Amino acid sequence: MGLDLGNYALSLTKPDADKHFIHDQGTSSATWNIQHNLNKHPAVEVVDTGGTVVIGQVTYVDKNNLTIVFSAPFGGKAYLN
């Protein structure tokens, strides 16, 4: 008696994989308004154009938008997940 596995497809993507977003702040600013559309309050890490991690005050406007305020204007990237 053999085991009939039928026809199955293998998915290499995880449907419940964590969403992420990268915001590129090309213009120097002390306030970054970010629309990420992740439908959650993500963790945030910010780096300046030199790759140095910068700390700012994160305010979650709602599950799809946040604002980060810094003590001085600069450009860089915000990594959200």
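Up top is the structure.
Parameters and conventions
Residues numbered from 1 in each chain as written. Predicted model: local features only at pLDDT ≥ 70, side-chain atom pairs only at ≥ 80, totals over all residues. Heavy atoms only, no water. Phe/Tyr/Trp six-rings, centres within 6.5 Å; stacked < 30°, edge-to-face > 60°. Helix = DSSP H or I, 4+ residues; strand = E, 2+ residues; numbered from the N terminus. Buried < 20%, exposed > 50% of the residue type's maximum accessible area, 1.4 Å probe, protein only. Polar contact = N/O pair within 3.5 Å; in protein donor to acceptor, adjacent residues only side chain to side chain. Contact = heavy atoms within 4.5 Å. Pairing = 2+ DSSP bridges.

A.B. asks: Which residues make up the packing of aromatic side chains, and what are the values?
C.D. replies: Scanning all chains against the criterion turns up 3 aromatic pairs. On the numbers, 5.1 Å between centres and 65° between planes, the contact of Trp 32 with Phe 70 is edge-to-face. Here the residue Trp 32 occupies a position in strand 1 (residues 21-35), and Phe 70 occupies one in strand 5 (residues 65-80), the gap between them amounting to 38 residues. An angle of 70° between the planes, with centres 4.7 Å apart, marks the rings of Phe 70 and Phe 74 as edge-to-face. We classify Phe 70 as buried; its relative accessible area is 7%. Through successive ring pairs, a cluster of aromatic residues spans Trp 32, Phe 70 and Phe 74.

A.B. asks: Requested: an account of the environment of Tyr 79, with residues and values cited.
C.D. replies: Within the secondary structure, Tyr 79 is located in strand 5. The exposure class of Tyr 79 is partly exposed, given its relative accessible area of 34%. Note: C-alpha distance between Tyr 79 and Val 47 (32 residues apart in sequence) is 8.3 Å.

A.B. asks: Account for the side chain of Thr 67, naming residues and giving values.
C.D. replies: Tracing the chain through its elements places Thr 67 in strand 5. Polar side-chain contacts of Thr 67 include one of 3.0 Å to the side chain of Asn 33. Those residues in contact with Thr 67 that lie beyond four places of it in its chain are Thr 31, Trp 32, Asn 33, Gln 57, Val 58, Thr 59 and Val 61.

A.B. asks: Got a sec to walk through the environment of Gln 35? Specific residues and values, please.
C.D. replies: Locating Gln 35 in the fold gives a position in strand 1. Owing to a relative accessible area of 52%, Gln 35 belongs among the exposed residues under this scheme. Sequence separation between Gln 35 and Phe 21 is 14 residues, and the spatial gap between their C-alpha atoms is 9.5 Å. Not counting the four nearest positions on each side in its chain, Gln 35 is found in contact with Phe 21, Asn 64 and Asn 65.

A.B. asks: Go over the pairing of strand 2 (residues 44-48), please, and point to the residues and values.
C.D. replies: Of the strand pairs in this sheet, strand 2 and strand 5 are connected by 5 bridges, and their pairing is antiparallel. Residue Val 47 lies in a different strand from strand 5, and its bridge partner there is Lys 77. Where strand 2 meets strand 3 (residues 53-54), 2 bridges bridge the pair, whose relative direction is antiparallel. Within the sheet, the bridge partner assigned to Val 46 lies in strand 3 and is Val 54. Hairpin connection, strand 2 to strand 3: the antiparallel pair is bridged by 4 residues, and Gly 51 has positive phi, about 90°.

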